[in-house]
Amino acid sequence: MSYCTLAVVGNFTYPSTSTSNPNPKVSISNSTQRRKEFVSLLKNCKDANQILPIHAKIIRTGHDQDPFILFELLRLSSTLSSVNYASTIFHLVHNPNVFLYTALIDGFVSAGSYSDGISLYFQMINRFIVPDKYVITSVLKACGSRFALREGKEVHCQASKLGLSSNRSITMKLMEFYGKCGEFDDARKVFDKMTERDVVASTIVINCFLDHGLVEQAIEVFDRVRVKDTVCWTAMIDGLVRNGEMNIALEMFREMQKENMRPNEVTIVCVLSACSQLGALELGRWVHSYIGKHHRIELNHFVGGALISMYSRCGDIDEAERIFAMMKERKVITYNLMISGLAMHGKSIQAIEIFRGMIKQGLLPTSVTFVAILNACSHGGLVNLGLEMFHSMSRDYGIPPQIEHCGCIVDLLGRVGHLKEAYNFIQNMEIAPDHVMLGSLLSACKIHGNFELGEQVARILMNHGVVDSGTYVLLANVYASSGKWKEAAQIRAKMKEGGIQKEPGCSSIEVNNEIHEFLLGDLRHPQKEKIYNKLEELNQVLKEAGHIPATDAVLHDIEDWEKEQALAIHSERLAICYGLISTKPCTTIRVVKNLRVCDDCHSMIKLIAKITGRKIVVRDRKRFHHFENGNCSCGDYW
């Protein structure tokens, strides 16, 4: 087929056919009219089923080899999630050109079939069809997503030979490709060769570094960008959050505000995520008020879900419920977040009501929904309801139980002291138990004083293979609690031999929009003298109130006075003391801890809340504890 003129189809400059007629039975004018008619019909299709009768008519009228119609047919089939149908059409084309190849390669990439897209590109090359900038950008995206370094480098060589490597869109994709494959030197070389290294190019490099956890390098590139747009700021904040650098992310957001750069919806969600993980309630509230002032950021399920998560994880479950009630658009994920938040705060009945409301709305629960609702049953000790929910998963919704669901049942049975039932449940499971589930049962054995079953579970754990530092500490704690110091020492020795470090306890508290972090026995804080003076004062008051330190929480076989000293400097106590000296009387103190609160700290905080008249909210690894008037919302089981 010969080509003589150019016409634009979609986003591509498409060569029009010569005046030679591929089908002698159809006149040229009639063929052109038919082409317009078919292209128009295809563009109006809304789902894949509408394509079939149009395609049948195209074949009947002899237009099944018309490149314009084929291009639209391939593009539309791929767009409407029918890439297999598009592939079938393509393989019936007699002489596919670069544009038809591009349409199908784009379809494969959009569908996530990256290997098929790459294979089709090299099939095109082997047929001596010259690639253009569009197909090269598409296949480079596929190579980056598939981490196909060798194939991507070949594409780069082909682009260079064709004089296309300096094309802006190809340059961008090359940087992205090399970055995704971890070839940062090559990505930098492409970047350095650019005549215009603008904010878009810099953002791609920043994302590449952040995707591989190279935070310092990303910040270095970011700092060199003279004029940053919202997308660049957002990419930096999002990457920092993904890499666990919450404090830096929040500092970056404050800098963004100083530069009078307006955040978009994605920025807001990233910042709310950082607030959630740090427990930065006051900053989260400020972000919420910002959303209210700027109406271009809507309270949709995306932003609303982030707010529900933030308020839930920062200790204000009432505000999370208010946001949920306000939302006009609720999806399953919105319900999941609300149920999970209520479960974390021990509001089991309210969580179940939300679940039932979701079912009434006609929304189908997911696997995540059942993890949330089973957690709610566990925290509320609702055994019968929890078991009913567990069985309804596969019976009513066709969701097979996974390890997380089974773990919730073990936790639920262990919580109420049904230890043998929990053990039998594990023994009869179709799924092999993991160390988290066994650790949950071991913890329940310790709490309920069943050291015989505890030792049995401990032996299974030791033979399990993959055990984290928290599980080792729990094992040693169980032995220490029953006075078996030799076994406890053996566990510690095994940790040392395996190079397993105990995760250090870290607690944080937000005061005046700043996050203050404390480690065990921390001496870094500028107000350390006042903090430790307050701690001494509290220890004296607690002794007078009859508090006896739970020294069995300390694993080492040392004197009781040494154990008391070790307990007294736990990170959450230091955070609470700082809260007491730096906030107004009667205000709530909120602390976030990375580990489980120990028994002694738990009983001590209950007394502090009673003596000071404060409400103290502590979020540990598993849940929230609301301490008020000498009681805790967890009912002394966590």
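Residues numbered from 1 in each chain as written. Predicted model: local features only at pLDDT ≥ 70, side-chain atom pairs only at ≥ 80, totals over all residues. Heavy atoms only, no water.

Undergrad: Honestly, the pairing of strand 7 (residues 624-628) in this entry has me stumped. Any pointers?
TA: The side chains of a regular strand alternate, residue by residue, between the two faces of the sheet. Burial of strand 7 is extensive: four of the five residues sit out of reach of the surface. Bridging between strand 6 (residues 616-619) and strand 7 involves four bridges; their strand directions are antiparallel. Within strand 7, the position partnered with Arg-619 by the bridge is Phe-624. The turn linking strand 6 back onto strand 7 is made up of four residues. Of the strand pairs in this sheet, strand 7 and strand 8 (residues 631-632) are connected by two bridges, and their pairing is antiparallel. (Buried < 20%, exposed > 50% of the residue type's maximum accessible area, 1.4 Å probe, protein only. Helix = DSSP H or I, 4+ residues; strand = E, 2+ residues; numbered from the N terminus. Pairing = 2+ DSSP bridges.)

Undergrad: Please clarify how the pairing of strand 3 (residues 506-511) should be interpreted in this entry.
TA: Most of strand 3 sits out of view: six of its six residues are buried. A two-sided burial pattern is seen for strand 3, the buried positions comprising Cys-506, Ser-508 and Glu-510 on one face and Ser-507, Ile-509 and Val-511 on the other. Once strand 3 ends, the chain turns through two residues before running back antiparallel as strand 4 (residues 514-519), passing Asn-512 with a positive phi of about 55°. Looking at chain direction, strand 3 and strand 5 (residues 589-593) are connected through three bridges and run antiparallel. Across the sheet, Ile-509 pairs through a bridge with Val-591, a residue of strand 5.

Undergrad: Would you mind going over the packing of helix 14 (residues 246-258) against helix 15 (residues 265-278) with me for this structure?
TA: Think of two packed helices as two axes; the pair is described by the angle between the axes and how far apart they sit. For the pair helix 14 and helix 15, interaxial distance at closest approach is 9 Å and the crossing angle is 140°. Between helix 14 and helix 15, the interaxial angle falls into the category oblique. In terms of crossing hand, the pair formed by helix 14 and helix 15 is left-handed. Judged by residue contacts, Met-246, Asn-247, Leu-250, Phe-253 and Met-256 of helix 14 engage Thr-267, Val-271, Ala-274, Cys-275, Gln-277 and Leu-278 from helix 15. Counted by class, the contact of helix 14 with helix 15 contains eight nonpolar, three polar and no charged residues. (Axes fitted to C-alpha atoms, helices over the stretch in contact; angles between N-to-C directions. Parallel < 35°, antiparallel > 145°, perpendicular 65-115°, else oblique. Left-handed = near helix turned anticlockwise from the far one by under 90°. Contact = heavy atoms within 4.5 Å. Nonpolar A, V, L, I, M, F, W, Y, C, P; charged D, E, K, R; others polar.)

Undergrad: Just to check I follow, could you spell out the UniProt feature "repeat: PPR" (unreviewed entry) in the protein chain for this structure?
TA: Following the UniProt record, the feature "repeat: PPR" (unreviewed entry) maps to residues 97-131, 167-201, 229-263, 300-330, 331-365 and 468-502 here. Helix makes up 74% of residues 97-131 and strand 0%, whereas the separation of the span's terminal C-alpha atoms amounts to 10 Å. The span residues 300-330 is 74% helix and 0% strand, and its two end C-alpha atoms sit 8 Å from each other. (UniProt positions renumbered as here; feature names shortened; annotations may be inferred.)

Undergrad: Even after reading the chapter, I still don't get the packing of helix 22 (residues 383-397) against helix 23 (residues 403-415), so can you show me in this structure?
TA: One can describe the packing of helix 22 onto helix 23 by two numbers: an axis separation of 10 Å at closest approach and a directional angle of 165°. It follows that helix 22 is roughly antiparallel to helix 23 by the angle criterion. Remark: the crossing between helix 22 and helix 23 carries left-handed chirality. Contacts from Val-383, Gly-386, Leu-387, Phe-390 and Met-393 in helix 22 reach His-405, Cys-406, Ile-409, Leu-412 and Leu-413 in helix 23. When the residues that make up the contact of helix 22 with helix 23 are grouped by side-chain class, the tally is eight nonpolar, two polar and no charged.

Undergrad: Explain the sheet that holds strand 7 here, please?
TA: Sheet strands pair by backbone hydrogen bonding; their relative direction is either parallel or antiparallel. The strand order across the open sheet built from six strands is 4-3-5-6-7-8, with neighbouring strands paired in mixed fashion. What marks the edges here is a single partner per strand, and that holds for strand 4 and strand 8. Here strand 3 runs beside strand 4; their pairing, made up of six bridges, is antiparallel. Each bridged residue has a counterpart across the sheet, and for Glu-510 the counterpart in strand 4 is Ile-515. In this fold helix 31 (residues 571-582) packs onto strand 3, strand 4, strand 5 and strand 6, with an angle of close to 15° to the strand it touches most, strand 3.

Undergrad: Before we go on, may I ask you to explain unusual backbone geometry in this structure?
TA: It is generally the case that most residues other than glycine have a negative phi and that most peptide bonds are trans. In this model, Asn-260 sits at a positive phi of 55°, which is unusual for a non-glycine residue. Among the secondary structure elements, Asn-260 is positioned in the loop between helix 14 and helix 15. Residue classification places Asn-260 among the exposed positions, given a relative accessible area of 69%.

Undergrad: Where do I start with the pattern of salt bridges in this structure?
TA: Summed over all chains, the structure comprises 29 salt bridges. Here Asp-211 ties to Arg-242 by a salt bridge, and the two come within 3.2 Å at their closest N and O atoms. Linking Asp-211 in helix 11 (residues 199-211) with Arg-242 in helix 13 (residues 230-242), this pair joins segments that are 31 residues apart in sequence. A salt bridge links Glu-319 to Arg-322, with the shortest nitrogen-to-oxygen separation between them at 2.7 Å. In this pair, Glu-319 and Arg-322 both sit in helix 18 (residues 317-326), three residues apart, roughly one turn of the helix. What makes Glu-319 buried here is its relative accessible area of 17%. With a relative accessible area of 40%, Arg-322 lands in the partly exposed category. (Salt bridge = Lys/Arg side-chain N within 4 Å of Asp/Glu carboxyl O.)

Undergrad: Help me out: how do you make sense of the nonpolar core in this one?
TA: Soluble globular proteins tend to pack their nonpolar side chains together in the buried interior. Judged by nonpolar contacts, the single largest core of 163 residues is most densely connected at Tyr-121, Ile-136, Met-175, Ile-373 and Leu-441. Setting aside residues up to four positions removed in sequence, Leu-441 forms contacts with Val-410, Leu-419, Ala-422, Tyr-423, Ile-426 and Val-457. Of all hydrophobic cores here, the second largest spans 28 residues; its members include Cys-577, Tyr-578, Ile-589 and Ile-616. (Core = buried A, V, L, I, M, F, W, Y, C linked by side-chain atoms within 4.5 Å.)

Undergrad: How should the packing of aromatic side chains be read in this particular structure?
TA: Counted under the stated rule, the structure contains twelve aromatic pairs. Ring centres 5.1 Å apart and planes at 25° place the aromatic pair Phe-184 and Phe-209 in the stacked group. Separated by 25 residues along the polypeptide, Phe-184 in helix 10 (residues 184-193) and Phe-209 in helix 11 bring together distant segments of the chain. Members of the aromatic cluster, connected to one another through ring pairs, are Phe-253, Trp-286 and Tyr-290. Against the face of Phe-222 rests Lys-228, its NZ or CZ located 4.8 Å from the ring centre. (Phe/Tyr/Trp six-rings, centres within 6.5 Å; stacked < 30°, edge-to-face > 60°. Lys NZ or Arg CZ within 6 Å of the ring centre and 35° of its normal.)

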